[in-house]
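# Observations on the model geometry
The chain contents come next:
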Amino acid sequence: MTLDKLLAEFYKENGIPENGGVDKQTFEMDIFGNRLKLPNPKLRKEVIHIHDIQHILNSCDTSWKGEAFIAGWELSTGFWRYFPICMFSIWAMGYSLWIYPKVVFNGYKNGLNCVGIIDLNLSESEFMKMEFEELKKITKKKKHTEMGVLQWCQFIIWILISQFMFLFPLIVLITILIWM
């Protein structure tokens, strides 16, 4: 089946607007049981299809458990190189570590053996015509990587960076309170 059909099904199953909501000015996200309406910047609109294809590739829904896996997966596949969009993944990893730490780790470990979808450098129209089986083939690395010392060190660094980013507003608030 082609990715355009799989994405249409994915959006319907997960209650996401058509085309991932790229034509909307805002998007919604649940955080700590609260539904937030956030601005939908151009940068997010340009790559949301990639993020959603990653959900399909990894059989993840859009719950925080699914987002936790994808956040770990994205960072281990090198998504961090695409600043500033990677900030969403880093923040999501920071939040997800509090609720699904094992899932984040499993996503990270799985991603070590995958080529990031963004690294394929395909246009959205090329993705939409692609067969799912072809995507699975081209995203698997030929050489298998285990969680060795280097990978553990990198994962720990990502934990620290993501926690700093996630907790930054709280750090600022505490600093202001202490200063006052």
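Along each chain, numbering runs from 1 in the same order as the chain's sequence is written. Only residues with pLDDT of at least 70 are given local features in this predicted model, and only at 80 or more are side-chain atom pairs given and counted; all residues enter the totals for whole chains, interfaces and linings. Note that water and hydrogens are dropped before the side-chain values are worked out from all heavy atoms of the structure.

The next point concerns the overall build of the chain. The secondary structure listing takes helices from DSSP runs of H or I that are at least 4 residues long and strands from runs of E that are at least 2 residues long, numbered from the N terminus. On a plain count of helices and strands, the chain comes out with eight helices and two strands. Throughout, radius of gyration means the C-alpha value; the globule benchmark is 2.2 Å times the number of residues raised to the power 0.38. Compactness check: the chain gives a C-alpha radius of gyration of 17 Å against a globular reference of 16 Å for 180 residues, within 12% of the reference. On the principal axes, the C-alpha backbone points of the chain span a range of 60 × 45 × 25 Å. Residues are treated as being in contact if the distance between any of their heavy atoms lies within 4.5 Å. Considering only intrachain contacts with a sequence separation of at least 6, the fraction spanning at least 24 residues in the chain is 67%. Using a 1.4 Å probe, the Shrake-Rupley method yields the accessible areas, and only the shown protein chains count as cover for residues. Surface summary for the chain: the accessible area is close to 10700 Å², and the carbon and sulfur share equals 64%. This count recognises Lys and Arg as positive and Asp and Glu as negative, with His and chain-terminal groups excluded. Charged groups are reduced to one reference atom each: NZ for lysine, CZ for arginine, CG for aspartic acid, CD for glutamic acid. Both charge centroids of the chain, one from 19 positive and one from 19 negative side chains, sit 5 Å from each other.

Let's shift gears to the confidence of the model for the chain. Across the chain, each position has a pLDDT score giving the predictor's confidence in that residue, from 0 to 100. Summary statistics for the chain give a mean pLDDT of 90 and a share of 100% for residues scoring 70 or more. At the low end of the mean pLDDT range in the chain sits strand β1 (residues 26–31), at 80; at the high end sits helix α5 (residues 101–111), at 97.

For the rest of this paragraph, the subject is the nonpolar core. A general trend in soluble globular proteins is that nonpolar side chains are found buried together. Among buried residues, the Ala, Val, Leu, Ile, Met, Phe, Trp, Tyr and Cys ones that are joined through side-chain atoms within 4.5 Å form a nonpolar core. Three exposure classes are used, based on accessible area relative to the maximum for each residue type with a 1.4 Å probe and protein chains only: buried under 20%, partly exposed in between, and exposed over 50%. Ranked by internal contacts, the top residues of the largest apolar core, which has 45 residues, are Leu 3, Ile 53, Met 93, Ile 117, Phe 127 and Leu 135. Breaking this core down by element, the ones donating at least two residues are α1 (3–13), α2 (42–57), α3 (64–76), α4 (86–99), α5, α6 (124–129), α7 (132–139) and α8 (149–179). In terms of residues, this core owes the most to one element, α3, which gives seven residues. Once residues within four sequence positions are removed from consideration, Met 93 is found in contact with Ala 71, Leu 75, Val 104, Phe 155, Trp 158, Ile 159, Ser 162 and Gln 163.

To get an axis, fit a line to the C-alpha atoms, keeping to the stretch in contact for a helix; angles then go from 0 to 180 degrees between the N-to-C directions. Running from amino to carboxyl end, α4 crosses α8 at an angle of 95°, the nearest separation of the two axes being 8 Å. If you check the angle between α4 and α8, you find them roughly perpendicular. Across the interface between the two elements, Met 87, Ile 90, Trp 91, Met 93, Gly 94, Tyr 95, Leu 97 and Trp 98 from α4 touch Phe 155, Trp 158, Ile 159, Ile 161, Ser 162, Gln 163, Met 165, Phe 166 and Leu 167 from α8. For this classification, the nonpolar set comprises Ala, Val, Leu, Ile, Met, Phe, Trp, Tyr, Cys and Pro, the charged set comprises Asp, Glu, Lys and Arg, and every other residue, Gly included, is treated as polar. Across the contact of α4 with α8, the residue classes tally to 14 nonpolar, three polar and no charged. Each angle gets one of four labels, with under 35 degrees taken as roughly parallel, over 145 as roughly antiparallel, 65 to 115 as roughly perpendicular, and the rest as oblique.

Right, let's get into α3. In an α-helix there are 3.6 residues to a turn, and that puts residues three or four apart on one side. Given the number of residues in a helix, its expected span is that number minus one, multiplied by 1.5 Å. For α3, built from 13 residues, the straight-helix expectation of 18 Å at 1.5 Å per residue is met to within 8% by its first-to-last C-alpha distance of 18 Å. Taking burial as the measure, the 13 residues of α3 include twelve buried ones, the bulk of the element. For α3, the full list of buried residues reads Trp 64, Gly 66, Glu 67, Ala 68, Phe 69, Ile 70, Ala 71, Gly 72, Trp 73, Glu 74, Leu 75 and Ser 76. Those residues of α3 that are buried are in contact with β1, α2, α4, α5 and α8. Just downstream of α3 lies Gly 78, where phi reads positive at about 100°.

Right, let's get into the pattern of salt bridges. The term salt bridge refers to a pairing of a side-chain nitrogen on Lys or Arg with a carboxyl oxygen on Asp or Glu at a separation within 4 Å. Tallied over the full model, the rule gives five salt bridges. Of the charged contacts, one joins Glu 28 and Arg 35 as a salt bridge, the two residues approaching to 2.8 Å between their closest N and O atoms. The class for Glu 28 is partly exposed, based on a relative accessible area of 43%. Residue Arg 35 is classed as exposed on the basis of its relative accessible area, which comes to 51%. In this structure, the salt-bridge partner of Arg 81 is Asp 119, at a minimum N-O distance of 2.8 Å.

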